[in-house]
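Analysis of the macromolecular model
Given next are the chains, with one letter for each unit.
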Amino acid sequence: MPGGLAHPGCARRGRPMTEIAETDVPFLPRGVRVHHCEVRKGWYLLAPERAVKMDQIAHAILSATDGDRDFCGIVDKLAVDFSAPKDRIAQDARKFLTDLVNRRMVEIRP
Amino acid sequence: MNQPVEMKQALSAVPIPMAMLAELTHRCPLKCPYCSNPLELAKAKEELSTEEWIDVFRQAAKLGVLHVHLSGGEPASRRDLEVLTSGAREAGLYTNLITSGVGLTERRFAELVERGLDHVQLSIQGTDAATADRIGGYKRGFDQKMKVAEWVKTSGVPLTVNAVMHRQNLDYLAETVDLAVRLGARRLEVANTQYHGWAYRNRFALMPTPEQVKRGGEIVAEARERLKGVLVIDYVTPDHLATYPKPCMGGWARVGLCVTPRGTVLPCHAAETITSLTFENVRDKPLAKIWARGEAFTAYRGTDWMPDPCGSCDRQTKDWGGCRCQAFAWNGDAATVDPACSKAPNHAEMRAAAEAEAAQATDDFEYRTM
């Protein structure tokens, strides 16, 4: 099987990410999903061998990560929803999403 | 570090489990000499029925379990694997299929994907057909695995490659990493053999040398850095060479449970080796009751049971006293310190035994048989 960008969702293969770019469109790949746990009364990000408890901010970021919005669009939406300064939100969202990309729990549209 | 009172209380309360290992069957076409199933395997007619398993999945989800690992034996040996997968998914669980790949067909796999399978964990026994098929005791197993990996890749379902390592394949760890990348895996689980049951029987053919383990650690460290964002690598140093024991199961009866093909509920898949414990069955009691109050679960939950050196150790909630099965195997009492810990009185003895086993010349296996 040749490498390269043929396989959707693997655009970053071989290219570790240092920081998500403004125009990157992040999405949750198959096998990664947001789940509400009734027993714990909280939101979890479920992925292979991982369950990450999400706080309100993390949940809001991933709810805005719909596979259509680029990073800028996500920040814009959150800034409106939370009436918060964009630079602060961008800082949080960038760190959070970059970390998830490097853990292969979020991917970038090719 | 001071432990606040609230934390002490939280530790003695009944925790909410995160994960359940569902050993759907012990049947398996492979004969791996380190199989984690017990020496005495369950027969097909003893297995829980489709309806019983689906009920167990529903009970587990109500208990707070998030992940279910559909395992075996080979889970594809169950003809109802497709129904069980959608049953688990509909119960609200994240479904992980732990498979050798043997018994799956392209059509069967497509059906699993259709029914919402979340993740596949594919075992490999070696990086070339001759080695892999000799270790697994099954001809053409390797070729089948390569096909399955291709189906998984095409489907988009995330793939983890699970490689059980030992003396006879640890020198091929770099190739194992390469193979995982080539197969499109998002994760590689490098699992050093745990020496219970079948693996204990085969320890003279499996125990790695300290040099192999050291080199293995270096290969993983290098690969992790190089493959950041491509492949996540899980790796745990073999017990006897570590300074502290691993937090087995994330702590006894704390985050996970296991249900055997017969419906016996265990705090860990190897727990039945602790012959002083009695275990309960989902055919007799609700899962929630067994988890909360079952004798085997309460025996070593939390930290109250710990003798010294664990009882006064500041790592007690980091490694949870290590492995109860290993403590029982070595000391005849599961409520003692795991010999894998450098603070254990017999740690040096354990290390010496492992080194002596590693120095044995045999490559011959006693394969797993029903």
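Every value quoted in this text rests on a predicted model; they were computed, and no experiment measured them. (Residues numbered from 1 in each chain as written. Chains lettered and ligands numbered in written order. Predicted model: local features only at pLDDT ≥ 70, side-chain atom pairs only at ≥ 80, totals over all residues. Heavy atoms only, no water.)

1. A short note on the overall build of chain A
Scanning chain A from terminus to terminus reveals three helices and five strands. Counted from the first residue to the last, chain A has its helices and strands arranged as β-β-β-β-α-α-α-β. Going through the 110 residues of chain A one by one, you find that 46% of them count as buried. Considering only contacts in chain A between residues 6 or more positions apart, those separated by 24 or more positions represent 56%. When the accessible surface of chain A is split by element, carbon and sulfur atoms take 52% of a total near 5,800 Å². (Helix = DSSP H or I, 4+ residues; strand = E, 2+ residues; numbered from the N terminus. Buried < 20%, exposed > 50% of the residue type's maximum accessible area, 1.4 Å probe, protein only. Contact = heavy atoms within 4.5 Å. Areas by Shrake-Rupley, 256 points an atom, 1.4 Å probe, with all protein chains shown as cover.)

2. Re the overall build of chain B
Secondary structure assignment for chain B yields 15 helices and ten strands. Relative to the globule expectation of 21 Å for 370 residues, the C-alpha radius of gyration of chain B, 20 Å, shows essentially globular dimensions. C-alpha extents for chain B along the principal axes are approximately 55 × 50 × 40 Å. The burial tally for chain B puts 57% of its 370 residues in the buried class. Partitioning the contacts of chain B with sequence separation of at least 6, the portion at a separation of at least 24 is 72%. On chain B, roughly 15,300 Å² of surface is accessible, and the fraction owed to carbon and sulfur atoms is 52%. Of note, chain B has its 44 positive side-chain charges centred 3 Å away from the centre of its 46 negative side-chain charges. (Rg over C-alpha atoms; globule rule 2.2 N^0.38 Å. Lys, Arg positive; Asp, Glu negative; His and termini not counted. Charge placed at Lys NZ, Arg CZ, Asp CG, Glu CD.)

3. Focus on the packing of helix α7 (residues 173-182) of chain B against helix α10 (residues 210-226) of chain B
Residue and element names in this part refer to chain B. Two elements in contact, α7 and α10, have axes whose closest approach is 9 Å; the angle formed by their N-to-C orientations is 30 degrees. One finds that α7 runs roughly parallel with respect to α10. Classified by chirality, the crossing of α10 by α7 is right-handed. Contact residues: α7 offers Leu173, Ala174 and Val177, while α10 offers Gly216, Ile219, Val220 and Ala223. Residue classes in the contact of α7 with α10 are distributed as six nonpolar, one polar and no charged. (Axes fitted to C-alpha atoms, helices over the stretch in contact; angles between N-to-C directions. Parallel < 35°, antiparallel > 145°, perpendicular 65-115°, else oblique. Left-handed = near helix turned anticlockwise from the far one by under 90°. Nonpolar A, V, L, I, M, F, W, Y, C, P; charged D, E, K, R; others polar.)

4. Overview of the nonpolar core
Of all hydrophobic cores here, the largest spans 89 residues; its most connected members are Met20(B), Trp53(B), Phe57(B), Leu159(B), Leu188(B), Leu231(B) and Leu287(B). Ranked by residues supplied to this core, first place goes to helix α2 (residues 50-63) of chain B with seven residues. One finds Ala58(A), Ile61(A), Ile74(A) and Leu78(A) within the second-largest nonpolar core, a separate group that totals 24 residues. (Core = buried A, V, L, I, M, F, W, Y, C linked by side-chain atoms within 4.5 Å.)

5. Considerations on the pairing of strand β5 (residues 159-165) of chain B
Residue and element names in this part refer to chain B. Taken across its seven residues, β5 has seven buried, putting it largely inside the fold. Residues Leu159, Val161, Ala163 and Met165 of β5 are buried on one face, and the alternating residues Thr160, Asn162 and Val164, pointing to the opposite face, are buried as well. Inspection of the sheet shows strand β4 (residues 119-124) paired to β5 by five bridges, in the parallel sense. Of the residues in β5, the one forming a bridge with Ile124 is Ala163. (Pairing = 2+ DSSP bridges.)

6. A look at the interface of chain B and chain A
Between chain B and chain A, the contact holds 39 residues from the first and 28 residues from the second. Together chain B and chain A conceal approximately 2,600 Å² of surface at their shared face, both sides included; 55% is due to carbon and sulfur atoms. By the criterion of area lost to chain A, the three top residues of chain B are Leu66(B), Tyr94(B) and Arg186(B), representing 23% of everything that side buries. Inspection of the region where chain B meets chain A yields three salt bridges. We note a salt bridge from Asp234(B) to Arg50(A), for which the minimum N-O separation is 3.4 Å. Across the chain B-chain A interface, the total number found is 14 residue pairs in polar contact (both at pLDDT 80 or more). When contributions to the side of chain B that touches chain A are tallied by element, the ones reaching two or more residues are α2, β2 (67-71), β3 (94-99), β4, α6 (141-155), β6 (187-192) and β7 (232-235) of chain B. With three residues, the single largest contributor to the side of chain B that touches chain A is α2(B). Residues of the side of chain B that touches chain A, tallied by class, amount to 17 nonpolar, twelve polar and ten charged. (Buried area = accessible area lost by both parts, 1.4 Å probe. Salt bridge = Lys/Arg side-chain N within 4 Å of Asp/Glu carboxyl O. Polar contact = N/O pair within 3.5 Å; in protein donor to acceptor, adjacent residues only side chain to side chain.)

7. Quick look at the confidence of the model for chain B
Residues with a pLDDT of 70 or more make up 97% of chain B, whose mean pLDDT is 92. Quick note on the complex model: pTM equals 0.90, ipTM equals 0.86. (pLDDT = per-residue confidence, 0-100.)

8. Remarks on the packing of aromatic side chains
Any pair of aromatic rings gets described here by the distance separating the centres and the angle formed by the planes. Here the structure, examined in full by the defined rule, presents five aromatic pairs over all chains. With a centroid separation of 5.4 Å and 75 degrees between ring planes, the pair formed by Trp252(B) and Tyr300(B) is classed as edge-to-face. Of this pair, Trp252(B) sits in the loop between β7 and β8 (256-259) while Tyr300(B) sits in the loop between α12 (295-298) and α13 (316-319), and the two are 48 residues apart along the sequence. Judged by its relative accessible area of 7%, Trp252(B) falls in the buried class. Within the aromatic cluster, the residues linked to one another by ring pairs are Trp252(B), Tyr300(B) and Trp305(B). Here the guanidinium or amino end of Arg109(A) rests over the ring plane of Phe27(A), the centre of that ring lying 4.2 Å away. Cation over ring: Arg201(B) sits above Trp198(B), and NZ or CZ is 5.4 Å from the ring centre. (Phe/Tyr/Trp six-rings, centres within 6.5 Å; stacked < 30°, edge-to-face > 60°. Lys NZ or Arg CZ within 6 Å of the ring centre and 35° of its normal.)

9. Things to note about the pattern of salt bridges
Inspection of every chain in the model, using the stated rule, returns 28 salt bridges over all chains. Its salt-bridge partner being Arg262(B), residue Glu46(B) comes within 2.8 Å of it at the nearest N-O pair. Taken together, the residues span a long stretch of sequence, with Glu46(B) in the loop between β1 (19-23) and α2 and Arg262(B) in the loop between β8 and β9 (264-266) at a distance of 216 residues. Members of the salt-bridge network, linked through shared partners, are Arg50(A), Arg187(B), Glu189(B) and Asp234(B).

10. Digging into the environment of Leu170(B)
Residues and elements named next belong to chain B. Tracing the chain through its elements places Leu170 in the loop between β5 and α7. Given the relative accessible area of 3%, Leu170 is considered buried. For the pair Leu170 and Val337, spaced 167 residues apart in sequence, the C-alpha to C-alpha distance is 29 Å.

11. So, the pairing of β2(B)
All names here are of chain B. Taking burial as the measure, the five residues of β2 include five buried ones, the bulk of the element. Residue alternation in β2 divides its side chains into two sets, His67, His69 and Ser71 and Val68 and Leu70, and both sets are buried. The sheet contact formed by β1 and β2 spans five bridges and is parallel. Pairing of Glu23 across the sheet is with Ser71, part of β2. Relative to β3, β2 runs parallel, the two sharing four bridges. If you follow Leu70 over to β3, its bridge partner there is Leu97.

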